[in-house]
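Listed below, chain by chain, are the residues.
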Amino acid sequence: MQIHVFENAAQVGQAAATLIAAQVLSKPNAVLGLATGSTPIPAYQELIRLCKAGVVDFSQVRSYNLDEYCNIPEDHEQSYRTFMNVNLFNHINIDIANTHVPNGNAADAEAESAAYDAAIAAAGGIDVQVLGIGRNGHIGFNEPGDSFIYGCHQVTLAQSTIEANRRFFESEADVPRQAISLGIGSIMNARKVLLLATGADKAQAIRDSVHGDINPQVQASILRNHPDVIFLLDKAAAGLL
Ligand code: F6R
């Protein structure tokens, strides 16, 4: 694994955007695995800048997001579909039909999950997977547990995740309790993985992922077995390494 430590979150975003842009330049119809949350926002802002400057062309790019909440409308202001449209897709020349987010309102979550994994496989697999990390070491919504779950699946969010995401909702009661998430196998199948972490509240999860046992209690620790994973950290997130 490679670990790069930067001065601040803006530099982490620039580094991530540069690596994503390089992928799109070398393969114009690249398949990007994308994450939501606060961490990738600087990277998405830099990608928007590079697209507007004519450096990167997203017209043939395909994207698959990591996860989506269950039981909130797709156009809810806190849905991950809305997040992606507002923070990236509406500002770049990607064809919105080529952007994919799991359907958190599917009547049959198991069938939706299987179809999502199959769609990624049919697209040729993910070239670059962008990840954030939860304070509890989750990636996607793969929460600490007794095992690594391979495929896309419906998850019940950990209480710590509900508390972390409470800031986006009016009250804790409004935070969805379930989501559909890519599984660990789906993430590990990506050809390249970029894990972004910024801020001191991620330092313990980063330390556990890099130096602890490979253990489903810290789901990100499995990334040490990936052949091409790059951790892009600011100084605060790297503070316990
Ligand atoms: C988002 C996702 C989550 C977040 C993680 C960190 O699609 O799957 O794993 O990456 O919860 O969130 P932030 O960046 O808001 O700290």
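Up top you'll find the structure we're talking about.
Every value quoted in this text rests on a predicted model; they were computed, and no experiment measured them.

Asks: Could you clarify how one ought to interpret the nonpolar core in this entry?
Replies: One broad trend across soluble globular proteins is that nonpolar side chains are buried collectively. Core analysis: the biggest nonpolar cluster contains 33 residues, and Leu131, Ile139, Leu182, Leu195, Ile206, Leu223 and Phe231 have the highest contact counts within it. Residue contacts for Leu182: discarding those within four places in its chain leaves Asn65, Leu66, Tyr116, Asp117, Ile120, Ile126, Gln129, Asn142, Gly151, Cys152, His153 and Ile187. Of all hydrophobic cores here, the second largest spans 31 residues; its members include Leu34, Ala43, Tyr44 and Ile48.

Asks: Would you take a moment to explain the site of the ligand for this structure?
Replies: Of all residues adjacent to the ligand, which total 14 residues, the nearest are Thr39, Asp67, His138, Gly140 and Lys202. Between His138 and the ligand, the recorded distance is 2.7 Å, taken from a side-chain N or O atom to an oxygen atom. When the ligand sits alone it has 410 Å² of accessible area, and the protein chains cover 91% of it. Taken together, the residues of the shell around the ligand break down into three nonpolar, eight polar and three charged.

Asks: Before we go on, may I ask you to explain the packing of helix α2 (residues 41-52) against helix α3 (residues 80-87) in this structure?
Replies: Helix-helix packing is described using two parameters, namely the angle between the two axes and the distance between the axes. Relative orientation of the contacting elements α2 and α3 amounts to 45°, with a least axis distance of 10 Å. The orientation of α2 with respect to α3, classified from their angle, is oblique. Side by side, α2 and α3 meet where Ile41, Tyr44 and Ile48 of the first sit next to Phe83, Met84 and Asn87 of the second. In terms of residue class, the contact of α2 with α3 is built from five nonpolar, one polar and no charged.

Asks: Looking at this structure, how should I read the side chain of His138?
Replies: Inspection of the secondary structure puts His138 in the loop between β6 (128-131) and β7 (153-156). Within the structure, the side chain of His138 is placed 3.3 Å from the side chain of Thr161, a separation counted as a polar contact. Excluding anything up to four places from it in sequence, His138 contacts Gly132, Ile133, Glu143, Thr161 and Gln219.

Asks: Would you explain helix α1 (residues 9-26) in this entry?
Replies: Because the α-helix completes a turn every 3.6 residues, residues three or four places apart line up on one side. Here α1 is 18 residues long and its end C-alpha atoms lie 26 Å apart, about the 26 Å a rise of 1.5 Å per residue gives. Among the residues of α1, Val12, Gly13, Ala15, Ala16, Ala17, Ile20, Ala21, Gln23 and Val24 are the ones counted as buried. Buried positions along α1 lie against β1 (2-6), β2 (31-34), α2, β6, β9 (192-197) and β10 (229-234). By the N-cap criterion, in which a side-chain oxygen at the helix start approaches the backbone nitrogen of a residue two or three places on, α1 is capped by Asn8, the distance to Ala10 being 3.2 Å.

Asks: Any chance you could explain the sheet that holds β7 here in plain terms?
Replies: Note on sheets: strands pair through backbone hydrogen bonds, and any given pair is parallel or antiparallel. The three strands lie next to each other as β4-β8-β7, forming an open sheet whose pairing is antiparallel. Two strands bound the open sheet, and with one partner strand each, they are β4 (67-69) and β7. Averaged over all pairs of adjacent strands, the angle between strand axes in this sheet comes to 25°, irrespective of strand direction. Both β4 and strand β8 (residues 178-181) contribute to a ladder of three bridges, which runs antiparallel. The residue of β8 that forms the bridge with Asp67 is Ser181.

Asks: For this particular structure, what's the right way to read helix α7 (residues 203-211)?
Replies: Turning to α7, its buried residues are Ala203, Ala205, Ile206, Ser209 and Val210. Looking straight down α7, one finds its buried side chains confined to an arc of 160°; they lie on one side. Next to the buried residues of α7 lie β1, β9 and β10.

Asks: Help me out: how do you make sense of the side chain of Ser113 in this one?
Replies: Within the fold, Ser113 resides in helix α4 (residues 109-122). The class of Ser113 is buried, set by a relative accessible area of 3%. The residues contacting Ser113, other than those within four sequence positions of it, are Cys152, His153, Gln154 and Ile180.

The rules we used
Residues numbered from 1 in each chain as written. Predicted model: local features only at pLDDT ≥ 70, side-chain atom pairs only at ≥ 80, totals over all residues. Heavy atoms only, no water. Core = buried A, V, L, I, M, F, W, Y, C linked by side-chain atoms within 4.5 Å. Buried < 20%, exposed > 50% of the residue type's maximum accessible area, 1.4 Å probe, protein only. Contact = heavy atoms within 4.5 Å. Near = heavy atom within 4 Å. Polar contact = N/O pair within 3.5 Å; in protein donor to acceptor, adjacent residues only side chain to side chain. Areas by Shrake-Rupley, 256 points an atom, 1.4 Å probe, with all protein chains shown as cover. Nonpolar A, V, L, I, M, F, W, Y, C, P; charged D, E, K, R; others polar. Axes fitted to C-alpha atoms, helices over the stretch in contact; angles between N-to-C directions. Helix = DSSP H or I, 4+ residues; strand = E, 2+ residues; numbered from the N terminus. Parallel < 35°, antiparallel > 145°, perpendicular 65-115°, else oblique. Expected span 1.5 Å × (residues − 1). Pairing = 2+ DSSP bridges. Arc of directions from axis to C-beta.

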